[in-house]
Amino acid sequence: MLEESEAAIWARVTAPGGTKPQPDVQAMIADERSDCATYQKLAAMTGGTCAASLRAIARDEACHAKRLTALYFVKTGACPELAPSCPLLSGCMTALLRERYLAERAGAAAYRAAAEQDPESAALFTCLAGDEAGHAKAILAMLEQLL
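Below is a short write-up of the structure. These figures come from a predicted structure and were not determined experimentally.

Another aspect to go through is the side chain of Arg-100. Summarising the element assignment, Arg-100 is placed in helix H4 (residues 93-117). Apart from residues lying up to four places away in sequence, Arg-100 is in contact with Asp-35, Thr-38, Tyr-39, Leu-42 and Ile-139.

Here it is, written out as structure tokens:
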């Protein structure tokens, strides 16, 4: 059974034109790692329940990166090569949270699109889309408290 699954993956990867474009999992991993670092920095910039929520989102993003790294390894047989992530943050907290809200909504949409592009990994991408939508909802709640 495993050999059949591997054969299906390699057939799709090596097939000539006419195949659906596959999601760029390595870019997704880099985004999740950057998001994790961003939320850790944001949590350090604030306190109370807002900081706790941001730390929880950071943990989710780290988990997403690990899950995507495992998917990348299964698909390619290699570990992703990524530069360290150290995002620069400037601006007031509400503006930064607004940016993160929009980014989380965009991330959810990207994962939904990835689920359509890669049926074999659709369950993972659908799960991640739900998490990203939940992050956007949590960030909106933070903004409601702060504004």
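Resuming the write-up.
What follows concerns the nonpolar core. Judged by nonpolar contacts, the single largest core of 17 residues is most densely connected at Tyr-39, Leu-42, Leu-54, Ile-57, Leu-97, Ile-139 and Met-142. Contributions of two or more residues to this core are made by helix H2 (25-45), helix H3 (48-76), H4 and helix H5 (122-146). At 5 residues, the largest contribution of residues to this core is made by H3. With residues up to four places along the chain from it excluded, the contact list for Tyr-39 reads Leu-54, Ile-57, Ala-58, Glu-61, Arg-100, Glu-104 and Ile-139. With 14 residues, the next largest nonpolar core counts Leu-71, Tyr-111, Leu-128 and Ala-129 among its residues.

About the criteria used
- Residues numbered from 1 in each chain as written.
- Predicted model: local features only at pLDDT ≥ 70, side-chain atom pairs only at ≥ 80, totals over all residues.
- Heavy atoms only, no water.
- Helix = DSSP H or I, 4+ residues; strand = E, 2+ residues; numbered from the N terminus.
- Contact = heavy atoms within 4.5 Å.
- Core = buried A, V, L, I, M, F, W, Y, C linked by side-chain atoms within 4.5 Å.
- Buried < 20%, exposed > 50% of the residue type's maximum accessible area, 1.4 Å probe, protein only.

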